[in-house]
Amino acid sequence: MKAEESFQNYTENDAPLAEFCITTPIDCGGLRLDQALARLLPQYSRARLTLWVREGRVTVDQKPCTPRDKLHGGERLVVKPALTPAETAYRPESIDLNIVFEDETLIVLNKPAGLVVHPGTGNWHGTLLNALLAHAPQLHNVPRAGIVHRLDKDTSGLLVVAKTLTAQTDLVRQLQARSVSREYRAVAHGHVRRNGTYEGPIGRDPRSRVRMAVVGSGKPAITHYSIVELLPRATVLACKLETGRTHQIRVHLQKLGHPIWGDPVYGPRQGPIAPLFPRQALHAERLALNHPEHGELMQWQAPLPADMRELIASLRLA
């Protein structure tokens with residue numbers, strides 16, 4: 001992540017797009033519909049126009065059509081433009097936030113499991129970013145609505161948001177300098193014998209696009225872990241990140257032979273002999289950083305959520 005990034009404004013124009021009613025010129029005779037549309041509506045890309053045809057947003061003489069249909073000239077075309085999900089994603093939405101700290105510069109919040117941080121494929125709405133834009137409208141003028149680091153959808157815990165571009169740049173530099181302290185609580189399968197550090201570069205798993213893995217071509221990643229409690233078939237760990245790669249703790253604990261309890265991607269299949277858990281048992285418990293405005297060291301702690309407390313209690317009895 002670069003410290004300086006180009007400005008991106010997330011302000012949305014929610015006005016509906018105007019409908020086009022066009023009589024096909026004679027000189028479009030012999031062209032395919034997608035070719036004619038590209039000529040008649042040059043303000044839109046051909047790929048976008050083709051998508052609208054396939055979505056049923058274009059009719060020819062009030063009839064459905066396909067991009068390859070040939071025109072003769074004189075047809076009546078109706079085009080109903082629409083934005084893609086990605087283009088409508090950055091809108092404020094009223095979503096409750098558990099805010100731990102807020103001033104003119106920062107927001108620190110306790111993210112619940114199940115909340116996606118940033119819009120993306122399959123999750124264009126109902127994300128933390130949408131909630132932040134509703135809570136603090138000035139974040140429309142900060143890239144990614146001030147988000148500087150992420151938590152996986154099903155990981156709970158502390159996350160910091162910058163309310164100004166200057167603060168965001170400062171926090172990104174702190175992350176690069178590894179001066180932001182992030183400590184997680186995890187419930188891992190099996191007995192971890194001793195405290196330690198795992199260092200292994202993380203990159204995309206060459207066998208699966210949805211997984212990360214320790215691969216030689218990956219980015220450096222270092223996780224420190226220490227034992228909090230030994231349970232009959234599990235270990236409660238405190239994990240401290242020195243780097244912040246995607247799925248870092250989940251991947252490193254799997255490589256150690258102690259995947260996180262309930263992890264649907266990196267953990268073992270859950271059987272009837274063990275307490276079932278619907279997500280990875282991972283919680284961002286502690287966060288410390290230097291305030292971007294006055295430089296003071298600030299620290300926060302978020303208690304374990306109820307589902308993880310209940311899991312640990314059931315594992316004690318297992």
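Attention here is on the structure that accompanies the text. (Residues numbered from 1 in each chain as written. Predicted model: local features only at pLDDT ≥ 70, side-chain atom pairs only at ≥ 80, totals over all residues. Heavy atoms only, no water.)

1. Re the overall build of the protein
Okay, step 1: When you go through the protein residue by residue, the secondary structure sums to six helices and 14 strands.
Okay, step 2: Its C-alpha atoms give the protein a radius of gyration of 25 Å, more than 25% over the compact-globule value 20 Å for 318 residues.
Okay, step 3: The C-alpha extent of the protein, read off along each of the three principal axes, is 80 × 50 × 35 Å.
Okay, step 4: Taking all 318 residues of the protein together, 45% fall into the buried category.
Okay, step 5: Residue pairs at least 24 apart in sequence account for 65% of intrachain contacts in the protein once pairs closer than 6 positions are excluded.
Okay, step 6: Surface accessibility of the protein: about 16200 Å² in total, with carbon and sulfur atoms responsible for 50%. (Helix = DSSP H or I, 4+ residues; strand = E, 2+ residues; numbered from the N terminus. Rg over C-alpha atoms; globule rule 2.2 N^0.38 Å. Buried < 20%, exposed > 50% of the residue type's maximum accessible area, 1.4 Å probe, protein only. Contact = heavy atoms within 4.5 Å. Areas by Shrake-Rupley, 256 points an atom, 1.4 Å probe, with all protein chains shown as cover.)

2. Observations concerning the nonpolar core
Okay, step 1: In terms of nonpolar packing, the biggest core is built from 44 residues, with L139 and V187 touching the most fellow members.
Okay, step 2: Looking at this core, the elements with two or more residues in it are strand 5 (106-111), helix 3 (128-135), strand 6 (156-162), strand 7 (181-189), strand 12 (234-241), helix 5 (248-255), strand 13 (282-290) and helix 6 (306-316).
Okay, step 3: Ranked by residue count, the leading element in this core is strand 12, at five residues.
Okay, step 4: Not counting residues up to four positions away in its chain, the partners in contact with L139 are I107, L132, L133, A145, G146, V161, A162 and K163.
Okay, step 5: Membership of the second largest hydrophobic core comes to 17 residues, among which are I22, V53, V60 and V79. (Core = buried A, V, L, I, M, F, W, Y, C linked by side-chain atoms within 4.5 Å.)

3. Observations regarding helix 5
Okay, step 1: Within helix 5, six of the eight residues are buried, which leaves it mostly tucked inside the rest of the structure.
Okay, step 2: Listed as buried for helix 5 are Q248, I249, R250, V251, H252 and L253.
Okay, step 3: Following helix 5 by one or two positions, G257 has its phi on the positive side, about 90°.

4. Quick word on helix 3
Okay, step 1: With six of its eight residues buried, helix 3 lies for the most part within the structure.
Okay, step 2: All of the buried residues in helix 3 are L128, L129, N130, A131, L132 and L133.

5. Here's the deal with the pairing of strand 12
Okay, step 1: By the criterion of burial, strand 12 is predominantly enclosed, with seven of the eight residues buried.
Okay, step 2: Here strand 7 runs beside strand 12; their pairing, made up of eight bridges, is antiparallel. Within the sheet, the bridge partner assigned to R182 lies in strand 12 and is L241.
Okay, step 3: Examined bridge by bridge, strand 11 (residues 222-230) and strand 12 share seven bridges and lie antiparallel to one another. Bridging across to strand 12, S226 finds its partner in A238.
Okay, step 4: Where strand 11 hands over to strand 12, the hairpin turn is made up of three residues, counted between the paired strands. (Pairing = 2+ DSSP bridges.)

6. Some details on the sheet that holds strand 1 (residues 20-23)
Okay, step 1: Taken in spatial order, the three strands line up as 1-3-2 in an open sheet, and their pairing is antiparallel. Edge positions in the sheet fall to strand 1 and strand 2 (58-60), since each has one partner strand and no second. Direction aside, the axes of adjacent strands within the sheet are offset by 15° on average.
Okay, step 2: Here strand 2 pairs with strand 3 (residues 76-79) via three bridges, running antiparallel. Along strand 3, the bridge assignment pairs V60 with L77. (Axes fitted to C-alpha atoms, helices over the stretch in contact; angles between N-to-C directions.)

7. Some thoughts on the pairing of strand 5
Residues in a regular strand point their side chains to alternate faces of the sheet.
Okay, step 1: A large share of strand 5 lies buried, amounting to six of its six residues.
Okay, step 2: Burial of the side chains of strand 5 extends over both faces: L106, V108 and N110 are buried on one face and I107, L109 and K111 on the other.
Okay, step 3: As paired strands, strand 4 (residues 99-102) and strand 5 are joined by three bridges and run antiparallel to one another. The partner of I99 across the bridge, within strand 5, is L109.
Okay, step 4: With antiparallel pairing between neighbouring strands as the criterion, strand 4 and strand 5 make up a hairpin whose turn holds three residues.
Okay, step 5: Summarising the sheet, strand 5 and strand 6 pair through six bridges and their orientation is antiparallel. Bridge assignment links N110 to a residue of strand 6, and that residue is L158.

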